[in-house]
Amino acid sequence: KPFASRLRRYFHAYGGWSAIFRSPMFLLAVVLTVLGYGNWFDDDKWSSLSQSLIPSLLGFSLGTYTILFSLMTGRLKRALKAVKNENGVTFLDEINATFFHFIFVQVVALLWAFLYQGTLLFDLMQIAKSSWVCTPCVFRAAQALGGAAGYTLLVYSISLIVASALAVYRLALIVDPADE
């Protein structure tokens, strides 16, 4: 129950589905997926690429996230909690959600690549092939959709580097009112 509660809090702080689907980073990932259809439509290059890139990216992301929040002073955290966006989310929660989203998408992309290379769908197709004529077509469509989703997750997780960097940039622009 606490796990689900924390996920809901992150998702609310991030802005929900509308923030994801309207994000320039997500839209870029969709466009690059369409343009790079050769990476996922006829081949599963993307799953090997995910499994080789994401662990390093994940390590870097977790390290950056940890360093950023460990270096924040209590005074800065209190100041960031005092400022809220138009949705009533504190600036601290917004920055935290941005970094968590970056890490969460990377984990989902990696898990999707592992699942995609599994054989469950193929095994089910072999069982259904004898009793259902359309099985190969359905299998191919599922394979293409799974590849497109996986490639989109990979590109989206990489493009979120820019969003995370912008969150740090915005944080660096904050000026203490006492210093003005």
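Our subject is the structure that appears above.
Structural notes, computed from the coordinates. (Residues numbered from 1 in each chain as written. Predicted model: local features only at pLDDT ≥ 70, side-chain atom pairs only at ≥ 80, totals over all residues. Heavy atoms only, no water.)

**Focus on the overall build of the protein**
Note the following rule: Strands here mean DSSP runs of E at least two residues long; helices mean DSSP runs of H or I at least four residues long; both are numbered from the N terminus. Atoms considered for the radius of gyration are the C-alpha atoms alone. The globule rule reads 2.2 Å times the number of residues to the power 0.38. Buried residues are those whose accessible area, probed at 1.4 Å on protein chains only, stays under 20% of the maximum for their type, while exposed residues exceed 50% and partly exposed ones sit between those limits. Contacts are assigned to residue pairs that have any heavy atoms within 4.5 Å of one another. For the accessible areas, the method is Shrake-Rupley and the probe is 1.4 Å, while residue cover comes only from the protein chains on display. Charge assignment in this entry is limited to Lys and Arg as positive and Asp and Glu as negative, and neither His nor the chain termini are counted. All charge positions are set by atom: Lys at NZ, Arg at CZ, Asp at CG, Glu at CD.
Looking only at helices and strands, the protein has eight helices and zero strands in total. Moving toward the C terminus, one meets the helices and strands of the protein in the order α-α-α-α-α-α-α-α. For 180 residues, the compact-globule estimate of 2.2 N^0.38 gives 16 Å, and the protein exceeds it by more than 25% at 20 Å. Principal axes of the C-alpha set define a box for the protein whose edges measure 75 × 35 × 25 Å. Considering the protein as a whole, with its 180 residues, one finds that 34% of them fall into the buried category. In the protein, 80% of the contacts between residues at least 6 apart in sequence involve partners at least 24 apart. Total accessible area on the protein stands at roughly 11,200 Å², and carbon and sulfur atoms take up 70% of it. Looking at charge distribution, the protein has the averaged site of its 14 positive side-chain charges lying 9 Å from that of its 10 negative ones.

**Considerations on the pattern of salt bridges**
The condition that has to hold: The salt bridge definition used is simple: a Lys or Arg side-chain nitrogen within 4 Å of an Asp or Glu carboxyl oxygen.
Across all of its chains, the model carries two salt bridges by this definition. Close ionic contact of Arg9 with Asp93 constitutes a salt bridge, the shortest N to O distance being 3.1 Å. In this pair, Arg9 sits in helix 1 (residues 2-14) while Asp93 sits in helix 6 (residues 91-116), placing the two residues 84 residues apart along the sequence. Taking relative accessible area as the criterion, Arg9 reaches 55% and is therefore assigned exposed. A relative accessible area of 22% places Asp93 in the partly exposed class. Salt-bridge contacts for Arg170 lead to Glu94; the nearest nitrogen and oxygen are separated by 2.8 Å. Linking Arg170 in helix 8 (residues 135-173) with Glu94 in helix 6, this pair joins segments that are 76 residues apart in sequence.

**Here's the deal with the environment of Val155**
Within the element layout of this structure, Val155 appears in helix 8. On the accessibility criterion, Val155 (13% relative accessible area) is buried. Among all residues touching Val155, those that are not within four sequence positions of it are Ala29 and Leu32.

**Some thoughts on helix 3 (residues 24-35)**
Counted only if it meets this: Expected helix span is given by 1.5 Å per residue-to-residue step, counting one fewer step than there are residues. Directions drawn from the helix axis to the C-beta atoms are what define this arc. A 3.5 Å cut-off defines polar contacts: any pair of N or O atoms within that distance qualifies, except that in protein one atom must be a possible hydrogen donor and the other a possible acceptor, and neighbouring residues in sequence count only when both atoms are side-chain atoms.
Taking 1.5 Å of rise per residue, the twelve residues of helix 3 would be expected to cover 16 Å, and the 16 Å separating its terminal C-alpha atoms lies within 8% of that figure. Buried residues of helix 3: Met25, Phe26, Ala29 and Thr33, and no others. In an axial view of helix 3, the angular spread of the buried residues amounts to 100°, which keeps them on one side of the axis. Turned more than 90 degrees away from the buried face of helix 3, the exposed residues are Pro24, Val34 and Leu35. The secondary structure elements touched by the buried residues of helix 3 are helix 2 (16-21) and helix 8. The distance from a side-chain oxygen at the start of helix 3 to the backbone nitrogen of Met25 is 3.1 Å, and the residue carrying that oxygen is Ser23.

**Some remarks on helix 8**
Rules: Fitting one axis to the seven residues ending at a residue and another to the seven starting there, the bend at that residue is the angle between the two axes.
Between the first and last C-alpha of helix 8 there are 56 Å, a value that for 39 residues agrees with the 57 Å anticipated at 1.5 Å per step. In the structure, helix 8 departs most strongly from a straight axis at Ser159, where the bend amounts to approximately 25°.

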